[in-house]
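# Residue-level structure breakdown
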Amino acid sequence: WLKSSGRGAARCVGAGSMAPRKSAKVAPEAPAAEKGPSAPDVETPPKPAKRGRPAAKKEAAPAPETAKEEAAPEEGSQPQAKKAKKAAAPKRDKNVPLQRSLTPRELATPEEGRVLKLLSVNVAGLRAVLASDKAKVLAATVAKEAPDVLCLNEHKLKESDVEDAEAKLKELLPEYRTAHWSCSTAKKGYAGVAMLLRHAAEGGAGSAAIQSPHLAKVSLGMGAVGKDDPIIGEEGRVLTLELPELSVVSTYVPNSGMDLQRLEYRVGREAEKCWDRSLAEYVRGLRDSTGKPVVLLGDMNCGHQVQDIWNMYERPDFPEGLAQKPVAEQYVGLSALKKFAGLTPRERESFPKMLEEADLVDTFRALHPDATGVFSYFSQKVVQNRPMNRGLRLDYVLASSSLCSNVGAAAKPGGAEAPLPRLRDSFVLDEDDLVADHAAIGCHILLPRPAAAEAPAEAPAEAPVEAPAEAS
């Protein structure tokens, strides 16, 4: 008998700043179950006959009649039930885009409280966006979502570029008159995060969730946690906004690098410096010191669950069976993924540890636990990635568990409302036009109504005083 096997190289699409695609090394005599999703079926040719000797034809021996007789049931006996074959999972048509789940949003005006709207987008270089038609895409996204806090990841500005970029942004987004910047001083044209705060429109005092944006306190870095870490202190990766009801942290998490040279720094909790450990410590300390919940959002550079990585959709046991396996066992037939920054087993195992240590919840997954085909990043190295919906979910809105007590398993029985503030909506705008190779992500938080301002002596006690108009 001759054995035939199909061999091929598994392919994946990684983040733009990740390692370039490399063909996976094919293990000798790999079983069929371990072939990659794109492995072609190649038949093994028959071994040629030795020179001077004709190849002998082997004929299959006829089955003996006694075998049939022995297999036949005796007259009057009950026939043995055939063992039911397990139905094979239907194969996905690779010529059609990955189907995206419906993820309905909560957009109705609430009867109680006011809504704080947060939006974050990786712009992959702000100067390039502002100098192209992508500026119109950014403006359209902001106009549609009207975020109170707009976070920009990977703006790549030097400190000397900020003034010009801020002037152009104020012209493009006139309501966002307060901006805070964190720039990399370690490298030029690298990393960086920004926060733009929306002011109430002229004559519309109180329409913005942040009452006095120009007075809001914003800090850089991770405070004492990151004082001895040059990556935290010099690469401009963290901004924290303190509001009366909660804290908002915008972050651009370091990529592990093309050769995974920063992998140990990202996840090595026993190392002297570790990003995931420091970030969890900072968020937990911020919550404890202020007594307020925290929202952490931005490009986290990690595909956490199997639903967040398009390559995993090619596996026959996706999603339930694959998700139940240990992370290290989810790469059968996809071994090349283990070497891509953001998709390594260590990073994917570290992510839930960070959530637990910081008491954070993935808000999108809490609201849409079974959603598939929802990605926030599409590599531009392959033109068909976006049309075919082949992407990764690398961008997240994470929130303190107290903000999510109304969703999922934490929801109170009987439909009782959780106290304010609480999560109202979380979304990925992957179906909208993209500013760069990342989709915008965001959330809505329901806040309590602000206490009425104390009225002057001559004014009726029940008549609140309007807040003064903001200076432009």
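Residues numbered from 1 in each chain as written. Predicted model: local features only at pLDDT ≥ 70, side-chain atom pairs only at ≥ 80, totals over all residues. Heavy atoms only, no water.

### A short note on the nonpolar core
Here is the rule: Among the buried residues, those of types Ala, Val, Leu, Ile, Met, Phe, Trp, Tyr and Cys that are joined through side-chain atoms within 4.5 Å form a nonpolar core. Buried means the residue's accessible area, taken with a 1.4 Å probe over protein chains only, is under 20% of the maximum for its type, while exposed means over 50%, and partly exposed covers the values in between. Strands are runs of DSSP state E lasting at least 2 residues, helices are runs of H or I lasting at least 4, and numbering of each runs from the N terminus. Between two residues, a contact is recorded if the distance between any of their heavy atoms is within 4.5 Å.
Counting residues in hydrophobic clusters, the biggest one holds 55 residues, and the most contacted among them are L116, L241, M312 and I445. Of the residues forming this core, the biggest block, 4 residues, is contributed by strand β12 (residues 441-447). Non-local contacts of L241, meaning those with residues more than four positions away in its chain, are made with V149, M195, L197, I210, A216, K217, V218, L246, S247 and V248. Counting residues in each nonpolar core, the second largest holds 27 residues, with V142, A165, L169 and A179 among its members.

### Concerning the environment of C302
Considering the arrangement of structural elements, one finds C302 in the loop between β8 (294-299) and α8 (320-324). As for C302 and R393, which are separated by 91 residues in sequence, their C-alpha atoms are 7.6 Å apart. Apart from the residues lying within four places of it in its own chain, the contact partners of C302 are R266, G342, E347, R348, F351, R393, L394 and Y396.

### Description of the environment of L152
Within the element layout of this structure, L152 appears in strand β2 (residues 149-153). Relative accessible area serves as the criterion here: at 0%, L152 is assigned to the buried category. Once the C-alpha coordinates of L152 and D299 are considered, the two residues, 147 residues apart in sequence, prove to be 9.7 Å apart. For L152, the residues in contact, after removing those within four places along its chain, are V121, V123, L126, L169, G192, V193, A194 and L196.

### Examining the sheet that holds β12
Here is the rule we go by: Two strands qualify as a pair provided DSSP detects at least 2 bridges between them. As a rule, the C-alpha atoms of each element are fitted with a line to give its axis, helices using only the stretch in contact, and angles between N-to-C directions run from 0 to 180 degrees.
Strands sit in the order β3-β4-β2-β1-β12-β11 across an open sheet of 6 strands; the sheet is mixed. Pairing within the sheet leaves two strands with one partner each, and these edge strands are β3 (178-182) and β11 (422-428). Neighbouring strand axes in the sheet, compared pairwise and without regard to direction, differ in orientation by 15 degrees on average. Note: β11 against β12, 6 bridges, orientation antiparallel. Following the sheet pairing, D425 is matched in β12 by H444. On the sheet, helix α3 (residues 134-145) packs against β1 (114-122), β2, β11 and β12 and is oriented at approximately 160 degrees with respect to β1.

### As for the sheet that holds strand β10 (residues 395-400)
One open sheet holds the 6 strands; their spatial order is β5-β6-β7-β8-β10-β9, and the pairing between them is mixed. Unpaired on one side and paired on the other, β5 (217-220) and β9 (360-362) mark the two borders of the sheet. Across the sheet, the axes of successive neighbouring strands diverge by a mean angle of 20 degrees, strand direction being ignored. Two strands pair when backbone bridges link them, and strand β7 (residues 247-252) and β8 are joined in this way by 6 bridges, in the parallel orientation. Following the sheet pairing, Y252 is matched in β8 by D299.

### Structural notes on the pairing of β8
Looking down a regular strand, the side chains alternate between one sheet face and the other. Counted residue by residue, β8 has 6 buried out of 6 residues, so it is predominantly covered. Note: β8 against β10, 5 bridges, orientation antiparallel. Bridging across to β10, D299 finds its partner in D395.

### Let's talk about the pattern of salt bridges
Operational definition: We count a salt bridge whenever a side-chain nitrogen from Lys or Arg sits within 4 Å of a carboxyl oxygen from Asp or Glu.
Per the counting criterion, the structure on display carries 31 salt bridges. A salt bridge links D425 to R105; its shortest N-O distance comes to 2.9 Å. Taken as a pair, D425 in strand β11 and R105 in the loop between α1 (65-71) and β1 lie far apart in primary sequence, 320 residues in all. Across the pair K144 and E145 runs a salt bridge whose closest N-O atoms are separated by 2.7 Å. Assessed through its relative accessible area of 6%, E145 is described here as buried. One salt-bridge network, in which partners are shared between bridges, spans R105, K144, E145, D425 and D432.

### Thoughts on the state of the cysteines
One covalent bond between the sulfur atoms of two cysteine residues makes up a disulfide. Put simply, the rule is: Throughout, a disulfide means two cysteine sulfur atoms within 2.5 Å of one another.
What the rule picks out here adds up to 0 disulfides. Note on C443: no disulfide assigned, nearest cysteine sulfur contributed by C404 at a separation of 8.7 Å.

### Concerning the packing of helix α7 (residues 275-290) against helix α9 (residues 345-358)
Quick reminder of the rule: Roughly parallel here means an angle under 35 degrees, roughly antiparallel means over 145, roughly perpendicular means 65 to 115, and every remaining angle is called oblique. The crossing is said to be left-handed when, going from far helix to near helix, the turn is anticlockwise and less than a right angle, and right-handed when the turn is clockwise. Nonpolar residues are Ala, Val, Leu, Ile, Met, Phe, Trp, Tyr, Cys and Pro. Charged residues are Asp, Glu, Lys and Arg, and all others, Gly as well, are polar.
Taken N-terminus to C-terminus, the directions of α7 and α9 make an angle of 20 degrees; their axes are 8 Å apart at the nearest point. Judged on the interaxial angle alone, α9 and α7 are roughly parallel. By crossing handedness, the relation of α7 to α9 is classed as right-handed. When α7 is examined against α9, the residues D276, L279, A280, V283 and R284 are found in contact with a partner set consisting of S350, M354, E357 and A358. Along the lines of polarity and charge, the residues of the contact of α7 with α9 split into 5 nonpolar, 1 polar and 3 charged.

### A few points about the side chain of R269
Within the secondary structure, R269 is located in the loop between α6 (263-267) and α7. In contact with R269, not counting residues within four places along its chain, are C274, D276, R277, S350, K353, M354 and E357.

### Considering unusual backbone geometry
Peptide bonds are mostly trans, and most non-glycine residues show a negative phi. With omega at -5 degrees, the peptide bond leading from F318 into P319 counts as cis. Along the polypeptide, P319 turns up in the loop between β8 and α8. Residue P421 is reached from L420 by a cis peptide bond, and omega for that bond is 0 degrees. Mapping P421 onto the fold places it in the loop between β10 and β11. Positive phi outside glycine occurs at K156, with the angle close to 65 degrees. Along the chain, K156 turns up in the loop between β2 and α4 (162-172).

### Quick look at the packing of aromatic side chains
Note the threshold: In this analysis, rings of Phe, Tyr and Trp, with Trp reduced to its six-membered ring, are considered paired at centre separations within 6.5 Å, and the interplanar angle assigns stacked below 30 degrees, edge-to-face beyond 60, and tilted for intermediate values. Either the NZ atom of lysine or the CZ atom of arginine qualifies as a charge over a ring when it sits within 6 Å of the ring centre and within 35 degrees of the ring normal.
A complete count under the given rule lists 4 aromatic pairs for this structure. When the ring of F351 is compared with that of Y396, the centres are 4.9 Å apart and the planes differ by 40 degrees; the resulting orientation is tilted. Of this pair, F351 sits in helix α9 while Y396 sits in strand β10, and the two are 45 residues apart along the sequence. For the residue pair F351 and Y396, the accessibility class agrees, reading buried in each case. Centre to centre, the rings of F375 and F378 are 6.5 Å apart; their planes meet at 85 degrees, and the pair counts as edge-to-face. Take F375: its relative accessible area is 0%, and that puts it in the buried class. Three or more aromatic residues joined by ring pairs make a cluster, and in this case those are Y313, F318, F375 and F378. The ring of Y190 has K187 sitting right over it, with the charged end atom 4.4 Å from the ring centre.

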